[in-house]
Amino acid sequence: MSKYIYLDNAATTPMNKSVLKAMKPFWNREYGNASSTHQYGQRSSAAITSIRKVIADFLYCQAEEIIFTSGATESNNTALKGIMRFYNRQFKVKGRKDKPHMIVSAIEHPSVLESALAMEREGFEISIISPDKLGIVNVKDIINEIKDNTVLISLMYVNNETGIIQPVQALGKKLIEINKERKDLPRIYFHIDAVQGFNCLNCRPDHLKVDLMSFSGHKIYGPKGIGVLYVRDKTPLLRLMDGGHQERTLRGGTNNTTGIIGMGQAIKLYIKNSDENIKHITILADYLYTNLKNIKGIRFNSNKEKSVPGIINFAFKDIPGNDLQMKLDLAGFATSTGAACASGSSQASPVLIAMKQTSAEALEGLRISLGNNNTLNELKAFIRTLNSIINNWNND
Ligand code: PMP
């Protein structure tokens, strides 16, 4: 094997060298706890403040609305559980006998879906909305599910398995109108998981009309174990873990200064280079769609017009995605059958099932996800190898 080619950037991205360089001093020389009042602490605190401002400026929001977490899993858990538990208290204070209700889509990442199911086990009401066959959740289906006790809607921006973009802005606009009419009813808050959209789409909360938004460092060439929850000013939220007063008391625990610096550097790089990188990935995606189309028996779970360019999911009848992924791995290509968090389970993809595929079909999906470092030559080699694997499938 000459070279191993990485085509799994939706699972994680390689950390950029300048990110590592920016982080290094904070691992040893600048080790102060950002909550300490001495000079060591104050330098760490100042570094975090400057990154918070970079992110806030990028999102056109206030610095206080940026909450650092350990990753998007924690951001999603905090958003969902924090709003629901806050409203639970409110309902009790008001003497209401019912429980708060939340709406999520069936194609959410497990950190949203499992949080919703955990809330259901705590006695809350939840509704799970299926997408259409293309994998798009219909705004009307969500709106129709709104009840008097609805307090939260969570919809992902881009699906991590298919790359399909969800109509979050249309839903956000609609919710503004609906909230205006809900005079004596609780306001409905709107959360999006923007992890897979953050590297190519406009994520400004005021553009999308969202109240809460989660994203993660390691999907944008930053470090693992750091994420952000954007929380619009005046959004009521109970914290997940009890602890210190960090992050406006919404997220106790000593700040991960190194991670925050790394994430900030990754965002600075994105601001500088995103136009060029998105163009590069779009050219690679065009090449892939054109050439994949010619492989006999292929069907697409992504959609060139409706997916982000970096995520392409496809399948071949009677070829299990797991087996194909293993053959590609042996041939020198890192791909995936879907979400890394679900891999190893050999379960049919819940996302493809929600898109009304049979379990056999949903076991056949294979995802490749492109990054800034991929080249056209790598994809030419990938297409040659895939062609040969598929053509010889029944001969092996
Ligand atoms: N949401 C989506 C859509 C994701 O793709 C991921 C990562 N697989 C997460 C949430 C979780 O992010 P993290 O790894 O930062 O916890």
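This structure is a prediction, so every number in the text was calculated from the model and none was measured.

### Some words on the domain arrangement of the protein
- Once the domains are mapped, the protein shows domain 1 (5-14 + 274-395) and domain 2 (17-268).
- Once you take the C-alpha centre of each, domain 1 and domain 2 turn out to be 28 Å apart.
- Facing the 27 residues of domain 1 at the interface are 28 residues of domain 2.
- Summing both partners gives a buried area of about 2300 Å² for domain 1 against domain 2, and 57% of it is carried by carbon and sulfur.
- Scanning the region where domain 1 abuts domain 2 turns up zero salt bridges.

### Remarks on the site of the ligand
- Taken together, the neighbourhood of the ligand is formed by 15 residues, with Thr73, Asp193, Gln196, Ser216 and Lys219 sitting nearest.
- Between the ligand and Ala72, the relevant distance is 2.9 Å, taken from an oxygen atom to a main-chain nitrogen or oxygen of the residue.
- Between the ligand and the protein, one listed contact pairs an oxygen atom with a side-chain N or O atom of His218 at 2.8 Å.
- Considering the ligand on its own, with 390 Å² of exposed area, one finds that the protein chains cover 89% of that surface.
- Sorting elements by how many residues they give to the shell around the ligand places helix α3 (residues 72-93) first, with three residues.
- Along the lines of polarity and charge, the residues of the shell around the ligand split into four nonpolar, nine polar and two charged.

### Description of the packing of aromatic side chains
- Inspection of the entire model under this criterion finds 10 aromatic pairs.
- Taken together, a centroid distance of 6.3 Å and an interplanar angle of 45° make the contact between Tyr87 and Tyr189 tilted. Pair noted here: Tyr87 is in helix α3 and Tyr189 is in strand β6 (residues 189-193), with a separation of 102 residues, a long-range link.
- A residue is classified by how much of its surface remains accessible, and Tyr189, at 9% relative accessible area, is buried.
- Ring geometry for Phe314 versus Phe316: centroids 6.0 Å apart, planes at 80°, classification edge-to-face.
- What makes Phe314 buried here is its relative accessible area of 0%.
- Note that Arg204 overlies the ring of Tyr60, its terminal NZ or CZ placed 3.7 Å from the centroid.
- Sitting over the face of the ring of Trp393, Lys327 holds its NZ or CZ atom 4.7 Å from the ring centroid.

### What about the side chain of Arg52?
- Assignment of secondary structure puts Arg52 in helix α2 (residues 39-59).
- Assessed through its relative accessible area of 16%, Arg52 is described here as buried.
- Of the polar contacts made by the side chain of Arg52, one reaches the backbone oxygen of Ile66; its length is 2.8 Å.
- When sequence neighbours within four positions are dropped, the list of residues in contact with Arg52 reads Ala63, Ile66, Phe68 and Glu247.

### Re the state of the cysteines
- The full count for this structure, using the stated rule, is zero disulfides.
- Between Cys200, a free cysteine, and Cys203, which holds the nearest cysteine sulfur, the sulfur-to-sulfur gap is 7.9 Å.

### Regarding empty space enclosed by the protein
- Counted by the stated rule, this structure contains one cavity of 30 Å³ or more.
- Approximately 30 Å³ is the volume attributed to the largest cavity.
- Lining of the largest cavity is provided by Ile67, Thr69, Glu74, Thr78, Leu229, Val231, Leu237, Leu250 and Arg251.
- At the level of secondary structure, the elements contributing two or more residues to the lining of the largest cavity comprise β2 (66-69), α3 and β8 (227-231).

### Here we look at the pattern of salt bridges
- Per the counting criterion, the structure on display carries 18 salt bridges.
- Here Arg52 and Glu247 are joined by a salt bridge, their closest N and O atoms 2.9 Å apart. Residue Arg52 is located in helix α2, and its partner Glu247 is located in the loop between β8 and α8 (257-292); the two are separated by 195 residues in the primary sequence. As far as the burial class goes, Arg52 and Glu247 line up, both buried.
- Across the pair Glu125 and Lys147 runs a salt bridge whose closest N-O atoms are separated by 2.7 Å. You can see Glu125 sitting in strand β4 (residues 125-129) and its partner Lys147 sitting in the loop between α5 (139-144) and β5 (150-156), a full 22 residues away along the chain.
- Owing to a relative accessible area of 32%, Lys147 belongs among the partly exposed residues under this scheme.
- Within the structure, one salt-bridge network assembled from shared partners comprises Arg187, Asp206, Asp211 and Arg232.

Definitions and limits used
- Residues numbered from 1 in each chain as written.
- Predicted model: local features only at pLDDT ≥ 70, side-chain atom pairs only at ≥ 80, totals over all residues.
- Heavy atoms only, no water.
- Domains from an automatic or database assignment.
- Contact = heavy atoms within 4.5 Å.
- Buried area = accessible area lost by both parts, 1.4 Å probe.
- Salt bridge = Lys/Arg side-chain N within 4 Å of Asp/Glu carboxyl O.
- Near = heavy atom within 4 Å.
- Polar contact = N/O pair within 3.5 Å; in protein donor to acceptor, adjacent residues only side chain to side chain.
- Areas by Shrake-Rupley, 256 points an atom, 1.4 Å probe, with all protein chains shown as cover.
- Helix = DSSP H or I, 4+ residues; strand = E, 2+ residues; numbered from the N terminus.
- Nonpolar A, V, L, I, M, F, W, Y, C, P; charged D, E, K, R; others polar.
- Phe/Tyr/Trp six-rings, centres within 6.5 Å; stacked < 30°, edge-to-face > 60°.
- Buried < 20%, exposed > 50% of the residue type's maximum accessible area, 1.4 Å probe, protein only.
- Lys NZ or Arg CZ within 6 Å of the ring centre and 35° of its normal.
- Disulfide = S-S within 2.5 Å.
- 1 Å grid on protein atoms, 1.4 Å probe; cavity = no way out; pocket = protein on both sides within 12 Å on 5 of 7 lines; lining within 4 Å.
- Points joined across faces, edges and corners; volume = space filled by probe spheres on them.

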